[in-house]
Amino acid sequence: MEKIIEVKDLELSFHTFAGEVKAIRGVNFEVFKGETLAIVGESGSGKSVTTKAIMRLLPESSTEFKNGQILFDGKDLLKTSDKDMQKVRGKEISMIFQDPMTSLNPTMPIGKQIMEPLLKHQKLSKEEARRKSIELLSLVGMPQPEQRMKQYPHQFSGGQRQRIVIAVALACNPKLLIADEPTTALDVTIQAQILELMKDLQKKIETSIIFITHDLGVVANVADRVAVMYGGQIVEFGTVDEIFYNPQHPYTWGLLSSMPSLDTTEEKLYAIPGSPPDLLDPPKGDAFALRSEYAMKIDMEEKPPLFKVSDTHYAATWLLHPDAPKVDPPAAIVERMKKFPGSRYYEGSAGGGR
Amino acid sequence: MAKKLLEIKNLKQHFNVGKKNEVRAVDGISFDIYQGETLGLVGESGCGKSTTGRTIIRLYDATDGEVIYDGVNVHAKKSKKELKAFNQKMQMIFQDPYASLNPRMKVLDIIAEGLDIHGLVKSPAERTKRVHELLETVGLNPEHANRYPHEFSGGQRQRLGIARALAVEPEFIIADEPISALDVSIQAQVVNLLKELQEEKGLTYLFIAHDLSMVKYISDRIGVMYFGKLVELGPAEVLYSKPLHPYTQSLLSAIPLPDPNYERNRVRIGYDPKSHNYRDDDEVIMREVTPGHFVLCSEREFEQMKKNSTTV
């Protein structure tokens, strides 16, 4: 499959008054054509910073790229000049932000905002750009697109605004769309509509998507592959089924079991103790060790490498080392694993999905 | 059955009354909350769930209707003294742990504010001791008392908000989206804390949220709101397994679950308020379809639902 973007050994720090924050500590991943890669993690895990690094949207004065490459179309985006970067943003790679209330310009009619990338990148005439914008608006499901072109962002609801933002992002048929928590600010019913819209459009224009979220339900809905981030590193990645039905890293176990499913009846919810690591002074070994009941001595001393689970599934935990003791994951996780052929708890094809 | 702690009767909260932009945020809702239970209130943003909570605790004066707490009408005219006694029984935990704590006050003073107002402590030493106890109750250290809110993470701040609410030993707590602003792993911690405290102190909660899976987990009964009206109210299990109102069905079908197989086959149900086809003479009120399970419906729909629930 064709690789659209490849992030290699990315390491970056922010210089703050308090000291050096090691926000990204060695991140590797790639995105293939037409797929959706979901990056999950808590706030501060580095998921947004990673994508902002791809777009080169981080403040230059305080950001230090220490190592790594971001290969897009054969060139390293980290070494691209600002001027060339402007030709990439909005054209080859575009981005949808979390808050549809602040990512549109309140003083400009929305039509003008959709036309902007078309005029700039595709050098269309005003009339052509106008026609294309109306097309885009109806593509994202906006009723009466022609009349709506003249209206301002405050005249739209949150879900409609996010549709407009998507129209702007898709204006130039980007190869890669980065969606940074695009539905977090929306209601569940609106969220469902926007997710359906994004999947639909992805099929139509064959764009690849990096989808950032902390909502595992949304991940299960949109993702082909999933990368779990913790403390500035990817601790586990695999296909969506591998992550949800055969997770290996204790942090992934924790995340999956701390969400109540609609049919849970157990009295107490599993909670990951403590709070995320302070990246001013990141822990030496496994960043999650201090919060993990499965931590071993080596977790405190040495950072675990990525162990291979399958061709598509890797996890950075010493538990996968051949010499590690065999531990049982939390009960809720074992339940999940029973459904997955290839996991050690697989119970035949009895149940299947719900 | 436990005793009724709170009775809400036809509560209305309208804003800009008489003007062109009148908003009927809460438009005639009635429900009871029993002692020791958790009632979850869900709905989309703008449906009036937060306004309901705020009106109950009298942050707004109700346009119409009654809130009866332990036999006393909350919104009736009251002397300052009576109000104060009432305020001590009912407390609130807010959504935003960043905006709800005064950044210029030390944790000690934030938590002790209620103690001071209600004269619950006699000496500074007792005041400090009480705050230390409260911090421990919510899983923080007594040393934290001398810090300022900005020194805490989101989850810790929400614990401070809970400690402040507990300080005056209330019976009833309104939690307005207490976990929405927190990370997934921290949400579980706070929800567990709220559950433990309820068991220990026999608290009653009104839990307002839009995260339906968390609400189901914490609530005994759940009310679903839509455009200022309560459309369905029932035991948590029943409401999720057998939702009757089409809006509830639509809402439930929209929740993404952390299960890829389920997600691949999920069918979303849309909701169109026009689908009811209410006639002008239809009386649309809350009706009890099965014991404890109320649905906003017309007589016709009611008969239909009753028929369906007996055949299934």
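Definitions and limits used
- Residues numbered from 1 in each chain as written.
- Chains lettered and ligands numbered in written order.
- Predicted model: local features only at pLDDT ≥ 70, side-chain atom pairs only at ≥ 80, totals over all residues.
- Heavy atoms only, no water.
- Helix = DSSP H or I, 4+ residues; strand = E, 2+ residues; numbered from the N terminus.
- Rg over C-alpha atoms; globule rule 2.2 N^0.38 Å.
- Buried < 20%, exposed > 50% of the residue type's maximum accessible area, 1.4 Å probe, protein only.
- Pairing = 2+ DSSP bridges.
- Axes fitted to C-alpha atoms, helices over the stretch in contact; angles between N-to-C directions.
- Contact = heavy atoms within 4.5 Å.
- Salt bridge = Lys/Arg side-chain N within 4 Å of Asp/Glu carboxyl O.
- pLDDT = per-residue confidence, 0-100.
- Parallel < 35°, antiparallel > 145°, perpendicular 65-115°, else oblique.
- Left-handed = near helix turned anticlockwise from the far one by under 90°.
- Nonpolar A, V, L, I, M, F, W, Y, C, P; charged D, E, K, R; others polar.
- Buried area = accessible area lost by both parts, 1.4 Å probe.
- Polar contact = N/O pair within 3.5 Å; in protein donor to acceptor, adjacent residues only side chain to side chain.
- Core = buried A, V, L, I, M, F, W, Y, C linked by side-chain atoms within 4.5 Å.
- Domains from an automatic or database assignment.
- Phe/Tyr/Trp six-rings, centres within 6.5 Å; stacked < 30°, edge-to-face > 60°.

Asks: I'd love a proper account of the overall build of chain B, names of residues and values included.
Replies: Scanning chain B for helices and strands turns up 11 helices and 12 strands. Since a compact globule built from 312 residues should have a radius of gyration of about 20 Å, the 21 Å found for chain B is in line with a globular shape. Oriented by its inertia axes, the alpha-carbon framework of chain B measures out at about 65 × 55 × 45 Å. Evaluated residue by residue, chain B yields a buried proportion of 52% over its 312 residues.

Asks: A description of the sheet that holds strand S3 (residues 36-40) of chain A should follow, citing residues and the corresponding values.
Replies: All names here are of chain A. As summarised here, the arrangement of the eight strands in space is S6-S7-S8-S3-S9-S10-S12-S11, forming an open sheet in which the pairing is mixed. The open sheet has two edge strands, strand S6 (93-96) and strand S11 (307-310), and neither has a second partner. Adjacent strand axes in the sheet meet at a mean angle of 20 degrees, parallel and antiparallel pairs treated alike. Both strand S9 (residues 225-230) and strand S10 (residues 233-239) contribute to a ladder of six bridges, which runs antiparallel. When the sheet's bridge partners are listed, Val228 is paired in S10 with Glu236. Its contacts with the sheet place helix H7 (residues 188-205) against S3, S6, strand S7 (176-180) and strand S8 (208-213), and it is angled at close to 160 degrees to S8.

Asks: A description of the pattern of salt bridges should follow, citing residues and the corresponding values.
Replies: Two side chains that carry opposite charge are able to pair once their charged atoms sit near each other. All names here are of chain B. All told, the structure shown has 33 salt bridges over all chains when counted by the stated rule. Here Asp32 ties to Lys4 by a salt bridge, and the two come within 3.4 Å at their closest N and O atoms. Of this pair, Asp32 sits in strand S2 (residues 23-34) while Lys4 is found in strand S1 (residues 4-15), placing the two residues 28 residues apart along the sequence. A relative accessible area of 38% places Lys4 in the partly exposed class. The closest approach of N and O atoms between Asp109 and Arg127, which form a salt bridge, is 3.1 Å. Taken together, the residues Asp109 in helix H3 (residues 107-117) and Arg127 in helix H4 (residues 124-137) connect sequence positions 18 residues apart.

Asks: Tell me what's going on with unusual backbone geometry, and back it up with residues and numbers.
Replies: Residue and element names in this part refer to chain A. Located in the positive-phi region is Lys123, a residue other than glycine, with phi close to 50 degrees. Positive phi, normally seen in glycine, also occurs at Glu181, with a value near 50 degrees. The residue Glu181 is located in the loop between S7 and H7 in this model. A residue is classified by how much of its surface remains accessible, and Glu181, at 7% relative accessible area, is buried.

Asks: Please provide a residue-by-residue account of the confidence of the model for chain A, values included.
Replies: In the predicted model, chain A carries a mean pLDDT of 89, and the fraction of residues at 70 or more is 96%. Low pLDDT, under 50, characterises residues 350-354 of chain A; the predicted model gives this stretch six contacts beyond four residues in sequence or across chains.

Asks: So what's going on with the packing of helix H6 (residues 158-170) of chain A against H7 of chain A? Which residues, and what values?
Replies: Residues and elements named next belong to chain A. For the pair H6 and H7, the least separation of the axes is 10 Å and the interaxial angle reads 15 degrees. As summarised for this structure, H6 and H7 are arranged roughly parallel, according to the angle between their axes. Crossing of H6 over H7 shows right-handed handedness. Contacts from Gly159, Gln162, Arg163, Ile166 and Leu170 of H6 reach H7 at Ile190, Gln193, Ile194, Leu197, Met198, Leu201 and Ile205. For the contact of H6 with H7, a count of residues per class yields eight nonpolar, three polar and one charged.

Asks: Give a detailed account of the interface of chain A and chain B, specifying residues and quantitative values.
Replies: Chain A puts 43 residues into the contact, and the matching count from chain B is 35 residues. With both sides pooled, the region where chain A packs onto chain B buries about 3500 Å², and carbon together with sulfur makes up 53% of that total. Summed over the shared surface of chain A and chain B, the result is three salt bridges. Viewed at the interface, chain B and chain A are joined by 10 residue pairs in polar contact (both at pLDDT 80 or more). Residue assignment for the side of chain A that touches chain B shows that the elements contributing at least two residues are H7, helix H8 (216-222), helix H9 (240-245) and helix H10 (250-257) of chain A. The biggest single contributor to the side of chain A that touches chain B is H7 of chain A, with seven residues. Within the side of chain A that touches chain B, the residues separate by chemical class into 19 nonpolar, 12 polar and 12 charged.

Asks: Hey, could you go over the nonpolar core for me, with residue numbers and the actual values?
Replies: Within the largest apolar cluster, 61 residues are counted, with the highest numbers of intra-cluster contacts made by Ile111 and Ile162 of chain B. Examining the composition of this core, we find that seven residues originate from one element, helix H6 (residues 184-201) of chain B, more than from any other. When residues are assigned to domains, this core turns out to be shared by domain 1 (4-227) and domain 2 (236-312) of chain B, each giving three or more. Counting residues in hydrophobic clusters, the runner-up holds 34 residues, among them Ile4, Val31, Ala53 and Leu78 of chain A.

Asks: Tell me what's going on with the packing of H3 of chain B against H4 of chain B, and back it up with residues and numbers.
Replies: All names here are of chain B. The contact between H3 and H4 brings their axes to 10 Å, and the two run at 110 degrees. The orientation of H3 with respect to H4, classified from their angle, is roughly perpendicular. Classified by chirality, the crossing of H4 by H3 is right-handed. Contact residues: H3 offers Val107, Leu108, Asp109, Ile111, Ala112, Leu115 and Asp116, while H4 offers Arg127, Thr128, Arg130, Val131, Leu134 and Leu135. Looking at the contact of H3 with H4 residue by residue, the class counts come to eight nonpolar, one polar and four charged.

Asks: Residue-level account of the pairing of strand S1 (residues 3-16) of chain A, with values.
Replies: Residue and element names in this part refer to chain A. As paired elements, S1 and strand S2 (residues 19-32) share 10 bridges and run antiparallel to each other. Residue pairing across strands places Leu10 opposite Val27, the latter belonging to S2. The turn joining S1 and S2, which pair antiparallel and follow one another in sequence, is formed by two residues. Taken together, the eight bridges between S1 and strand S4 (residues 63-72) define a ladder with antiparallel strand orientation. Its bridge partner being in S4, Ser13 is matched across the sheet by Glu64.

Asks: I'd love a proper account of the packing of aromatic side chains, names of residues and values included.
Replies: Residues and elements named next belong to chain A. By the definition in use, this model includes 13 aromatic pairs over all chains. Their ring planes at 80 degrees and their centres at 5.0 Å tell us that Trp253 and Tyr294 sit as a pair that is edge-to-face. With Trp253 in helix H10 and Tyr294 in the loop between H10 and helix H11 (297-301), the pair connects residues that are 41 residues apart, well separated along the chain. Across this residue pair, the class does not change: Trp253 and Tyr294 are buried.

Asks: Lay out the sheet that holds strand S10 (residues 229-235) of chain B with the relevant residues and their values.
Replies: Residues and elements named next belong to chain B. The sheet built from eight strands is open, its strands ordered S6-S7-S8-S3-S9-S10-S12-S11 with mixed pairing. In the strand order of this sheet, the two ends are held by strand S6 (90-93) and strand S11 (285-290), each with one partner. In this sheet, adjacent strand axes meet at a mean angle of 20 degrees when their direction is disregarded. Across two bridges, S10 lies against strand S12 (residues 293-297) in antiparallel orientation. Following the sheet pairing, Glu232 is matched in S12 by Val295. With respect to the sheet, helix H2 (residues 80-89) is in contact with S6 and strand S7 (172-176), its orientation differing from that of S6 by roughly 50 degrees. Relative to the sheet, H6 contacts strand S3 (38-42), S6 and strand S8 (204-209), its axis offset from that of S8 by approximately 160 degrees.

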